[in-house]
Amino acid sequence: MKTFSDKLASLRKDYIAHVLDVDHVSESPFEQFKTWFDEALETIEHEVNVMTLASASVDGIPSARIVLLKGFNENGLSFFTNYESRKGQELIENPYASLVFYWYELERQIRIEGKVEKLSPEESTAYFQSRPKGSQIGAHASPQSQVIENRTVLEQNVERLNVRFENDDMLPRPEHWGGFRLIPNQFEFWQGRPSRLHDRIRYRQLENGKWVIERLAP
């Protein structure tokens, strides 16, 4: 009988869906990202904007979690969170991060690295008040990443806030909640290929702001 480790070691998948070549990518990593994201939207049914966000403490201890991409343009990629959560504090104290998208159906991965900055209060408020009322209530109710006694604490917070804001569709944005923008200095587009000879195309930004396109060994 196979052990659990044996089962893990025997997992295999050969990637045959697409190819990726330097001659066929956009000169701009932002345009290339948009092209792949649009193709993912056409192919994948649920939550194309799911991404892994990796941050690190000032001591260099890493952590990662899944968040949702909520804004994209040539200024960067935006997402929202509680500033007092673990990720919020790490991004404030050590403002560098990386993002990873993985789209199984397309056998594609995108890695993005760069500096992080807070969105303006106006941008954060505009997005916060566009959310469903339940999500706005939840942001007020949850002391994200903090130890709580039990779920009843959250439920009581929600009940109290529902009464307080019973007649309001838009709540005030909590000061501890808002957005971050990752300003990329590197993109890597990964396309799965047979025999693990994957295609990897990296865009690396130079000090003058121009982007260099390079192929990396898999």
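About the thresholds
Residues numbered from 1 in each chain as written. Predicted model: local features only at pLDDT ≥ 70, side-chain atom pairs only at ≥ 80, totals over all residues. Heavy atoms only, no water. Helix = DSSP H or I, 4+ residues; strand = E, 2+ residues; numbered from the N terminus. Buried < 20%, exposed > 50% of the residue type's maximum accessible area, 1.4 Å probe, protein only. Areas by Shrake-Rupley, 256 points an atom, 1.4 Å probe, with all protein chains shown as cover. Lys, Arg positive; Asp, Glu negative; His and termini not counted. Charge placed at Lys NZ, Arg CZ, Asp CG, Glu CD. Arc of directions from axis to C-beta. Contact = heavy atoms within 4.5 Å.

Participant: With reference to specific residues and values, describe the overall build of the protein chain.
Facilitator: Counting its regular elements, the protein chain contains 6 helices and 9 strands. For the protein chain, the spread of C-alpha atoms along the three principal axes comes to 60 × 60 × 40 Å. Counting every position in the protein chain, which comprises 218 residues, the buried fraction comes to 37%. Element-wise, carbon and sulfur atoms account for 49% of the exposed surface of the protein chain, whose accessible area totals about 13100 Å². In the protein chain, the 27 positive side-chain charges and the 33 negative ones have mean positions that sit 4 Å from each other.

Participant: Just give me the short version of helix α3 (residues 86–93), but keep the residues and values in it.
Facilitator: Along α3, the positions that sit buried rather than exposed are K87, G88, E90 and L91. End-on view of α3: buried residues confined to an arc of 165°, all on one side of the axis. Looking at the buried side of α3, the elements it contacts are β1 (50–56), β2 (62–68), β4 (76–82), β5 (96–103), β6 (108–118) and β7 (177–191).

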